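Okay, here's what each chain looks like letter by letter:
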Amino acid sequence: MKTVLFAGVLIVLVGAPAALFFLSSSSALDIDPSPKALASENSLAVKVDNPHGVRQLNLRLEQGGARSYASVQQPANRFLFWRKKLAPTTQTLQLTAKPDQGFKSGPATLIVEATSNDLRGAVTSKTYDVVINLAPPRVVADGAQHYINQGGAELVTFTVSGYWTEAGVKVGNYKFRSFPMPGSKNENERFCLFAFPWDTPENTTPLVYAANPAGQEVTTQFWYRIKPKKFRQRELDLTDTFIDKAINEIDPGSPAGDKLQHFLHINGDIRRSDNKTLADLRNQTEPRFLWAPPFQQLSNSKVEAFFADVRSYMYGGKKVDQQVHLGFDLSKVAHAPVVASNSGKVVYADRLGIYGNCVVIDHGYGLQSIYGHMSSIGVKKGQMVQRGEELGKSGATGLAGGDHLHFSMQIDGVQVNPVEWWDEHWIHDRIQSKIPESAFAKP
Ligand SMILES: [Zn+2]
């Protein structure tokens, strides 16, 4: 009897803490976004996943003998913690790396450490290699004169210094990537092919910018002159035949309902989504010039519509919609051969909503050409094509009333007026004169 009682006491005295000990858990830790560069003041979001929460969360930054700390505490919970099932939380801590604390620009080590809020109080830690960056990058643009057409393109060269991870050109809300200057061994010597988008006010100043991951950004101006463009206004009469064709071809099987509403969905939402698909092809560009001047227009074709025509859609005598036409409509004869405007790599060859059968060719450094409404496609994604090589036949697939080629160009996902690229003089003055000749493909 005495032994049993003794054993019982022993279980209470030793067993319960042992059980509590084994019920204790450890933490999963992560800093999101992952800290790569720190400035003198930093706000770091630490994700903590522990069903019992954490009693103590520490951040420690070390660089040589310099140290800085940040921490948060919770009241200890050593016994009833096992009743808790906490969801992962994010705690934001402020951490400094100031010169008066002994820090300077350069590599450092960041340690995050969490103590579980339970009996065992397991300590979990994670170490990050970071770069302290106490100076913003510097950027110097070229001294050339930049004449820019609204809706068109231009190229600027510049040099970045300091620690940076992103550099290019900003035009209003648009950003364009830069690339290392071909032939230069210095990654800091860059060029950026950018657009002055058709929907950007003419008084917008294009800026070269450079940024580091600590959020420090610098910009610089360069000499430029914008040539404003008056885009045409056009009325387009919608017939029931045209609407039926659009619905059957582009969005069949959708709940019927009002025919006009269905058409407006295609002309608005589907158009936007198709343009996003085209814009995203910017991520499939080669970092080299695949083309040589000039770009070739569909020969002997008639221009039916211009870039950035503002179209009012009329139905039953009323204006029901307005959209901007981001390309050239070129007509010839039905099922005319459609050829590559220049050499490059096919990055899209498939149906694409309002564009019907569509081919996109990447010419390198973010420059791409777009061919829409084709009756047939004769190339495959990934295939290299030469200027003048047949891509398929013209047609009226997608949102097209008759057989024609919809042709457009885009820079870093922003559609631009292709007319500049058909002009050898423009290409020479605006593009080639700023880049070593050897960088271009052999014509
Ligand atoms: Zn068109």
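Everything numeric in this text was worked out from a predicted model, so none of it was measured. (Residues numbered from 1 in each chain as written. Predicted model: local features only at pLDDT ≥ 70, side-chain atom pairs only at ≥ 80, totals over all residues. Heavy atoms only, no water.)

**With respect to the coordination of the zinc ion**
Six octahedral donors around a metal ideally subtend angles of 90 or 180 degrees, whereas four tetrahedral donors ideally subtend 109.5 degrees.
Logical step 1: In this structure, H325 (NE2), D329 (OD) and H406 (ND1) serve as the protein donors to the zinc ion, at separations of 2.0 to 2.1 Å.
Logical step 2: Mapped onto the polypeptide sequence, the residues donating to the zinc ion form the spacing pattern H-x3-D-x76-H. Taken together, the positions of D329 in strand β23 (residues 328–331) and H406 in strand β31 (residues 405–411) put the pair 77 residues apart, joining distant regions of the chain.
Logical step 3: Given the relative accessible area of 6%, D329 is considered buried.
Logical step 4: Among the residues examined, H406 registers a relative accessible area of 4% and is labelled buried. (Donors = N, O, S within 2.8 Å, 3.2 Å for Na, K, Ca; no water. Helix = DSSP H or I, 4+ residues; strand = E, 2+ residues; numbered from the N terminus. Buried < 20%, exposed > 50% of the residue type's maximum accessible area, 1.4 Å probe, protein only.)

**Focus: the packing of helix α2 (residues 240–250) against helix α3 (residues 259–280)**
Logical step 1: In the contact formed by α2 and α3, the axes pass within 10 Å of each other and the chain directions differ by 60°. Considering their axes alone, α2 and α3 lie oblique with respect to each other. Pair α2 / α3 crosses with left-handed handedness. Taking contact as the criterion, the partners of D240, F242, I243, D244, A246, I247 and I250 in α2 are, on α3, K259, L260, H262, F263, I266 and I270.
Logical step 2: Taken together, the residues of the contact of α2 with α3 break down into 9 nonpolar, 1 polar and 3 charged. (Axes fitted to C-alpha atoms, helices over the stretch in contact; angles between N-to-C directions. Parallel < 35°, antiparallel > 145°, perpendicular 65-115°, else oblique. Left-handed = near helix turned anticlockwise from the far one by under 90°. Contact = heavy atoms within 4.5 Å. Nonpolar A, V, L, I, M, F, W, Y, C, P; charged D, E, K, R; others polar.)

**Quick word on the packing of aromatic side chains**
Logical step 1: One pass over the structure, following the stated rule, counts 22 aromatic pairs.
Logical step 2: Pairing Y147 with W223 gives two aromatic rings, centres 5.3 Å apart and planes at 65°, and the pair type is edge-to-face. With a gap of 76 residues between them, Y147 in strand β10 (residues 146–149) and W223 in the loop between β17 (217–220) and β18 (224–227) connect regions that are remote in the sequence.
Logical step 3: The exposure class of Y147 is partly exposed, given its relative accessible area of 40%.
Logical step 4: Taking the centre distance of 5.6 Å and the plane angle of 75° together, the rings of F295 and W421 count as edge-to-face. (Phe/Tyr/Trp six-rings, centres within 6.5 Å; stacked < 30°, edge-to-face > 60°.)

**As for the sheet that holds strand β30 (residues 390–393)**
Sheets are built from strands paired through backbone hydrogen bonds, the pairs being either parallel or antiparallel.
Logical step 1: With respect to topology, 3 strands assemble into an open sheet ordered β24-β30-β28, the strand pairing being antiparallel. Of all the strands in the sheet, just β24 (337–339) and β28 (376–377) have a single pairing partner and so form its edges. (Pairing = 2+ DSSP bridges.)

**Details of a nonpolar patch on the surface**
Logical step 1: A cluster of nonpolar residues, L23, F79, L80 and W82, forms a patch on the protein surface that exposes about 430 Å² of accessible area.
Logical step 2: Position of W82 among the secondary structure elements: in the loop between β5 (66–73) and β6 (89–96). (Patch = residues over 30% accessible without salt bridge, like charges linked within 9 Å, V, L, I, M, F, W, Y side chains within 5 Å. Areas by Shrake-Rupley, 256 points an atom, 1.4 Å probe, with all protein chains shown as cover. Salt bridge = Lys/Arg side-chain N within 4 Å of Asp/Glu carboxyl O.)

**Re the pairing of strand β15 (residues 189–195)**
Logical step 1: Of all 7 residues that make up β15, 6 are buried, and the element is covered over most of its length.
Logical step 2: Here strand β14 (residues 179–180) pairs with β15 via 2 bridges, running antiparallel. The partner of P180 across the bridge, within β15, is R190.

**Points about the side chain of R311**
Logical step 1: In this structure, R311 sits in strand β21 (residues 309–315).
Logical step 2: Taking relative accessible area as the criterion, R311 reaches 14% and is therefore assigned buried.
Logical step 3: Polar side-chain contacts of R311 include one of 3.2 Å to the side chain of D329.
Logical step 4: The residues touching R311, leaving out its near neighbours within four places in the chain, are R234, L236, A305, D321, Q322, Q323, H325 and D329. (Polar contact = N/O pair within 3.5 Å; in protein donor to acceptor, adjacent residues only side chain to side chain.)

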